[in-house]
Amino acid sequence: MHLNHKNNYKKFLRRIYLVFAGILIVVPFIINAVATPAPDTYESFNKSFTDGVPKDTVPIAVPDTSSGRKDTTIRPVTDSNAVEDSIPVSTDYTGTDSMFVPKLSKDSLDAPITYKAKDSIVLVVPDKRFYFYGTANTKYKKTSLSAERMNYSQSTGIMEATTAQDTSGKPYGRPQLDDNGQAFDSDTLRYNITTQRAKIYNTRSQYGEGFVASEQTKREPDNSIFGFRNGYTTCNLDTPHFQFRAKKIKVIPDKLVISGPANLEIEGVPTPLFIPFAIFPITHGQQSGILMPGYVVNAQKGMGLENGGYYIGLGDNFDLTLRGEIYSYGSWALTASPTYRKRYHYNGGMTLSFANTRFGDPSVKSEFSRSRDFRVTWNHSMDSKARPGVTFGASVNFGTSSYNTFNVYDYASRVNNNLGSSISFSKSWQGKPFNFTSSLTHSQNLSTRDVNISFPSATFTVNTIYPFQPKEMVGRAKWYHKLGIGYNGTINNSVTFKDSVFGKSQMFDALQSGVKHSIPISFSIPVMKNFTLSPGVSYGEYWYTKKTKRTFNRDKRISIDSLGGIDTTYEAGFFAARQASASLSLSTALYGMYQFGKNSKIKAIRHVMRPTISASYTPDLAKNAYYDLYYTRDSQKVRQSYFTSSSVGVPSEGTSGSISFGLDNNLEMKVFSKKDTSANKEKKIKLLDGFGINGSYNLLADSFHLSSFNIYARTNLFDKLNITASGNLDPYVVNARGNRVDRYVWQDGKLSIGRLTNATIAMSTSFQSSDKKSKEKEQEINNIENEQSTDAAFQAQQRQLQQVRKNPGEYVDFDIPWKLDLSYSLSYSKNIIPDSGGVVVSFNQYLSFNGDFSLTPKWKIGVNSGYNFIENKLAYTNVYISRDLHCWQMSINLIPIGTYRQFSITISPKSGILRDLRINRSRTFYDL
């Protein structure tokens, strides 16, 4: 394009200036031609402009007069007189002294625009327009725009971005707008940099968990969005599996997506589901709102709505969830779940539940029953760094025994017959030997309905101090330097009762209170290098506030066929008992190794023995604390303490001069390993982590000198099979009534060291697919489960993991193709229980198993169950089937056997924002 010199002189004079040392120099020049540079001349441009004028060197047409005609080829000017900063300003300057302030033109911007293009950039000066070709990108303040083609008009301030087409006619390089963190993907976009308004065509953008696709979108300066012909979905595919189609949508950034009438569309097919309007929250963090209920059908409770309610967000530190259930036959339930948190200090949550369950027809009394139940749970954890030396934690789970029967459906809770609680506080003084702990504990058996509560329970401990040890040791330590003394004081209140008498006088009658003081004195002396001699003396004092006397009542009828029972009476007052002992122990460790030949894969086997022997003397200071308890009509009796149910324990009866012995063993094997990267190519395998026996012999007893033998063993074979076993062997024979006779078992000709009175065996193992990804994920979960920490965030993570374990059907991990967990337990006991009238034998054997496997990458089947070998039947069983539907998930849950049976199918979106848009059908049955 040829420009006339005389017509354009003033125009270019305003556009070119140079300020140096306070002197304005105006350099007029003439631009003869402007042409588009060849693509191979400049690979890319990366410059900055203010209102469309480049700040770097401007390509100027330099005439070539050698041929006698004008050269219109554009070349970059590197001459020292070239213009390096071009801002459209007025030529008038105001100021004092040598200070000059230029006046900007009316169409100038308040911030620079950074731009670049991979192919080329064209500036059309008369039109005040820039053209960008090839992966163009511009940035203005916090707004960035990229596209294959862009053009900018300086006069209007409008930036337009479009796609390009390849040789096959397919578009590519869609415009991408990022406006202060909000992204837009479209095929055509017009953005006014001055007014910050935009018109976008065929765009798709994400707001929180949702995506909005619109044919036309208008963006206002306050960042609000108005869409025409829209679709809202949480599916991240370009062609979503489902969406809500609405003609008009308004988006208030970081707050709401609001639409007019909308229709649910699945796989592009409209459904009969219409809604008059929709509000989708996109606020990050808390937002109060309604929790939609789910429809269920229960054979005993009738049709109902469950888990509906309201969520109340009360700030960053507190929130509250209220939920309720109601059924057509009159049953209802209410639950309040507040949670609280303070970062780097503590967090926790509580659940208060009340349920009124009705069964049958109220007009027919024989068929009607009602159960009023409650349950309280509370979890609190304190960050260990909040107050060094002080810890406070709580894990409370308390309720009526029938609450789980009628109101809890997850597998872990249904098969667990025990509830437990613990609230604890502890403090240690840095640099001092003092420690203080206090706690409240609770245990509850849902089958027997026995409840035990201990509160308050406090312990003050003085760690062992060495009063004769100098602060600075000089020379060799003397034996009395290692003489240590400590103190332990405990106060405890406890009560055991049936849950039906909770809060009544019978519960307080059974309350036991006690105090225990213990003062140990000990020191250790090395003997012959390989032995350690440890003498010690201890004294204990027991204080009680109640004495329990149990007597046999011959006239008491406990059943139709049984006459005679035990009555219990309580005597309040102050009672004391004492215990003192002196001991001397000697211990060492012995090592043995057997080595195999060089060609053997087994290199060696090492055996470690740790024998201990001790002698102790205990005078009879507690003979007044015991009496004879008769428990049968023919005067069978046992010795029992008046303080058997005491919360601080009971000192032992009789004078004792015992020699105790123990032997612990460890067995390891060293084998050849190809996987070992070291030069030895060896690997250690633990055959037995520990196995041993303990016992004692009382020299001063008038009978039954030898105690029972305690045997134990534990191992982890091949790092896969965990085995633990323990038992007690009584060396004395018994008569026909189960009473011990002062005669050893082997004296009757039996090759045995005793009768087995109780034993336990437990085995567990786990198998899963061998792919690397599933192993890493399982290892990560195991590390979280095994780690111990008081950090508040870690404790919250533990509770979330526990929730996943309790509801495997709702939290399916498709990354692990298959998994199987097995555990086996066996327990046996044979003891005299006076309340049961004599010897009671208990034998239990149980196998539990749970696992899942993927039929396909999207289908998974799992089962949790067990088998009771004593009753020869399956235990509570839960079978679930899950299907990954990309943005949705389907789960089928089946409980086929037992007193509680259920079938349910649920289809719901994965996104939390649409979790109430679920389809649920369930059937529940009880055997009352």
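Cut-offs used in this document
Residues numbered from 1 in each chain as written. Predicted model: local features only at pLDDT ≥ 70, side-chain atom pairs only at ≥ 80, totals over all residues. Heavy atoms only, no water. Helix = DSSP H or I, 4+ residues; strand = E, 2+ residues; numbered from the N terminus. Buried < 20%, exposed > 50% of the residue type's maximum accessible area, 1.4 Å probe, protein only. Contact = heavy atoms within 4.5 Å. Areas by Shrake-Rupley, 256 points an atom, 1.4 Å probe, with all protein chains shown as cover. Core = buried A, V, L, I, M, F, W, Y, C linked by side-chain atoms within 4.5 Å. Pairing = 2+ DSSP bridges. Polar contact = N/O pair within 3.5 Å; in protein donor to acceptor, adjacent residues only side chain to side chain. Salt bridge = Lys/Arg side-chain N within 4 Å of Asp/Glu carboxyl O. Phe/Tyr/Trp six-rings, centres within 6.5 Å; stacked < 30°, edge-to-face > 60°. Lys NZ or Arg CZ within 6 Å of the ring centre and 35° of its normal. Disulfide = S-S within 2.5 Å. Patch = residues over 30% accessible without salt bridge, like charges linked within 9 Å, V, L, I, M, F, W, Y side chains within 5 Å. pLDDT = per-residue confidence, 0-100.

**Points about the overall build of the chain**
Each helix and strand counted, the chain has six helices and 61 strands in total. Each of the 928 residues in the chain was classed as buried or not, and the buried ones make up 35%. The contacts in the chain between residues at least 6 apart in sequence include a share of 50% that link residues at least 24 apart. A total of about 53,600 Å² of accessible surface is found on the chain, and carbon and sulfur atoms cover 56% of it.

**Quick notes on the nonpolar core**
Nonpolar side chains in soluble globular proteins tend to be buried together. Phe132, Met150, Tyr207 and Val257 are the most contacted members of the largest nonpolar core, which has 41 residues in total. With five residues, strand β22 (residues 242-252) is the largest single contributor of residues to this core. Discounting residues that sit within four places of it in the chain, Phe132 has contacts with Tyr115, Ala117, Ser120, Ile121, Thr138, Glu148, Arg149, Met150, Asn151, Tyr152 and Met159. Counting eleven residues, the second-largest nonpolar core is a separate cluster that includes Tyr544, Phe575, Ala577 and Tyr642.

**Examining the pairing of strand β30 (residues 318-327)**
Bridging between strand β29 (residues 302-313) and β30 involves eight bridges; their strand directions are antiparallel. If you follow Gly313 over to β30, its bridge partner there is Asp319. In this antiparallel pair of consecutive strands, β29 and β30, the connection spans four residues, and Gly315 shows a positive phi of 110 degrees. With nine bridges joining them, β30 and strand β31 (residues 332-342) adopt antiparallel strand pairing. Bridging from a neighbouring strand, Arg323 pairs with Thr335 of β31.

**Quick notes on the environment of Ser658**
Among the secondary structure elements, Ser658 is positioned in strand β47 (residues 656-672). Since its relative accessible area comes to 11%, Ser658 is described here as buried. Measuring from C-alpha to C-alpha, the distance between Ser658 and Ala701 comes to 9.0 Å, with 43 residues separating the pair along the chain. Once residues lying within four places of it in the same chain are set aside, the contact partners of Ser658 are Ser614, Ala615, Ser616, Tyr697 and Asn698. Only 2.8 Å separates the side chain of Ser658 from the side chain of Ser656, close enough to count as a polar contact.

**Considerations on the pattern of salt bridges**
Taken as a whole and assessed by the stated rule, the structure comprises 22 salt bridges. Salt-bridge contacts for Glu215 lead to Arg229; the nearest nitrogen and oxygen are separated by 3.6 Å. Of this pair, Glu215 sits in strand β20 (residues 210-219) while Arg229 is found in strand β21 (residues 225-233), placing the two residues 14 residues apart along the sequence. When its relative accessible area of 45% is taken as the criterion, Arg229 is described as partly exposed. Here Arg449 makes a salt bridge to Asp499, at a shortest N to O gap of 3.0 Å. Taken as a pair, Arg449 in the loop between β36 (434-445) and β37 (450-465) and Asp499 in the loop between β38 (484-498) and α4 (505-509) lie far apart in primary sequence, 50 residues in all. Among the residues examined, Asp499 registers a relative accessible area of 15% and is labelled buried.

**Notes on the packing of aromatic side chains**
All told, the structure shown has 26 aromatic pairs when counted by the stated rule. Arranged with centres 6.4 Å apart and planes meeting at 15 degrees, the rings of Phe130 and Phe132 form a pair that is stacked. An aromatic cluster of three or more residues is present, and its members are Tyr544, Phe575, Tyr627, Tyr642 and Phe643. The ring of Trp429 is capped by Lys427, whose NZ or CZ atom sits 5.3 Å from the centre of that ring. Here the basic side chain of Lys546 rests over the ring of Tyr570, its NZ or CZ set 5.5 Å away from the ring centre.

**Examining unusual backbone geometry**
For the bond from Phe455 to Pro456, the omega torsion is -10 degrees, close enough to zero to count as cis. Mapped onto the fold, Pro456 is located in strand β37. Even without being a glycine, Lys128 presents a positive backbone phi close to 55 degrees.

**Regarding the state of the cysteines**
Scanning all chains against the criterion turns up zero disulfides. Between Cys235, a cysteine without a disulfide, and Cys887, which holds the nearest cysteine sulfur, the sulfur-to-sulfur distance is 3.7 Å. Look at Cys887 and you get buried, because its relative accessible area is 6%.

**A few points about a nonpolar patch on the surface**
Together, Tyr295, Met303, Leu305, Ile326, Trp332, Leu334, Leu352 and Phe354 give the surface a local cluster of nonpolar side chains, amounting to about 770 Å² of exposed area. For Met303, the location among the structural elements is in strand β29. Judged by relative accessible area, which is 49%, Met303 ranks as partly exposed.

**Let's talk about the side chain of Asp383**
Within the secondary structure, Asp383 sits in the loop between β33 (369-382) and β34 (390-399). In this structure Asp383 comes out as buried when scored by relative accessible area, which is 4%. Within the structure, Asp383 has its side chain in polar contact with the backbone nitrogen of Lys385 (distance 2.9 Å).

**Overview of the confidence of the model for the chain**
Predicted confidence across the chain gives a mean pLDDT of 79, with 81% of residues reaching 70 or more. Contacts for the low-pLDDT stretch residues 1-100, under 50 throughout, to residues beyond four places or in other chains number 151 contacts. In this model residues 788-792 is a low-confidence stretch, pLDDT under 50, and it forms 14 contacts with partners more than four residues away in sequence or in other chains.

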